[in-house]
Amino acid sequence: MSHPQDRDHRTSGEQEPAYVRIYRIVRQIPRGNVATYGQIAAITGNCTARMVGYAMASLHGDGDVPWQRVINARGRISFRGDTWRGERQRELLAAEGET
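Residues numbered from 1 in each chain as written. Predicted model: local features only at pLDDT ≥ 70, side-chain atom pairs only at ≥ 80, totals over all residues. Heavy atoms only, no water.

*Asks:* Please explain empty space enclosed by the protein as it appears in this structure.
*Replies:* Where empty space is left in the structure can be found by rolling a water-sized probe over the atoms. This structure, assessed with the given rule, holds one cavity of 30 Å³ or more. Volume-wise, the largest cavity comes out at about 40 Å³. Looking at the largest cavity, the residues that line it are Tyr37, Met56, Trp67, Val70, Arg80, Arg85 and Gln89. For the lining of the largest cavity, a count of residues per class yields four nonpolar, one polar and two charged. (1 Å grid on protein atoms, 1.4 Å probe; cavity = no way out; pocket = protein on both sides within 12 Å on 5 of 7 lines; lining within 4 Å. Points joined across faces, edges and corners; volume = space filled by probe spheres on them. Nonpolar A, V, L, I, M, F, W, Y, C, P; charged D, E, K, R; others polar.)

Set out below in structure tokens:
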């Protein structure tokens, strides 16, 4: 499925924005599976796990990027200051069969 934000409007030599690359990769994580921030960063290239975390945190609502499938290196949900988001992530993963 093509997403408007994935369209390539770059001119020769320009690199696609990191968040666009990150979101494209996260969309490919199958339902019931997870990947770590570091794994996404490594696949994205020229990116850090922290950048992936910022990209996931910048998402609002339940859009087409399955942000809940991205977890920390310990295989856990990363709770931030907003515990509701961590609880929502846990609920979404449980609904997908991931514990």
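*Asks:* In this structure, what is going on with the pattern of salt bridges? I would like to understand it.
*Replies:* Two side chains bearing opposite charge may form a pair once their charged atoms approach each other closely. Taken as a whole and assessed by the stated rule, the structure comprises four salt bridges. One salt bridge in this structure joins glutamate 91 and arginine 88, with 3.5 Å as the shortest N-O distance. Taken as a pair, glutamate 91 and arginine 88 lie in helix α4 (residues 83-95) at a separation of three residues, close to a single helical turn. For glutamate 91, a relative accessible area of 48% gives the class partly exposed. On the basis of relative accessibility, which here comes to 28%, the residue arginine 88 falls in the partly exposed class. (Salt bridge = Lys/Arg side-chain N within 4 Å of Asp/Glu carboxyl O. Helix = DSSP H or I, 4+ residues; strand = E, 2+ residues; numbered from the N terminus. Buried < 20%, exposed > 50% of the residue type's maximum accessible area, 1.4 Å probe, protein only.)

*Asks:* Got a minute to help me understand the packing of helix α2 (residues 37-44) against helix α3 (residues 49-57) in this structure?
*Replies:* If you want to describe how two helices pack, look at the angle between their axes and the distance between the axes. In contact at an axis separation of 8 Å, α2 and α3 are set at 105° when each is read in the N-to-C sense. As far as their axial angle goes, α3 and α2 are roughly perpendicular. Across the interface between the two elements, Tyr37, Gly38, Ile40 and Ala41 of α2 pack against Ala49, Val52, Gly53 and Met56 of α3. Each residue belonging to the contact of α2 with α3 can be placed in one class, and the counts come to six nonpolar, two polar and no charged. (Axes fitted to C-alpha atoms, helices over the stretch in contact; angles between N-to-C directions. Parallel < 35°, antiparallel > 145°, perpendicular 65-115°, else oblique. Contact = heavy atoms within 4.5 Å.)

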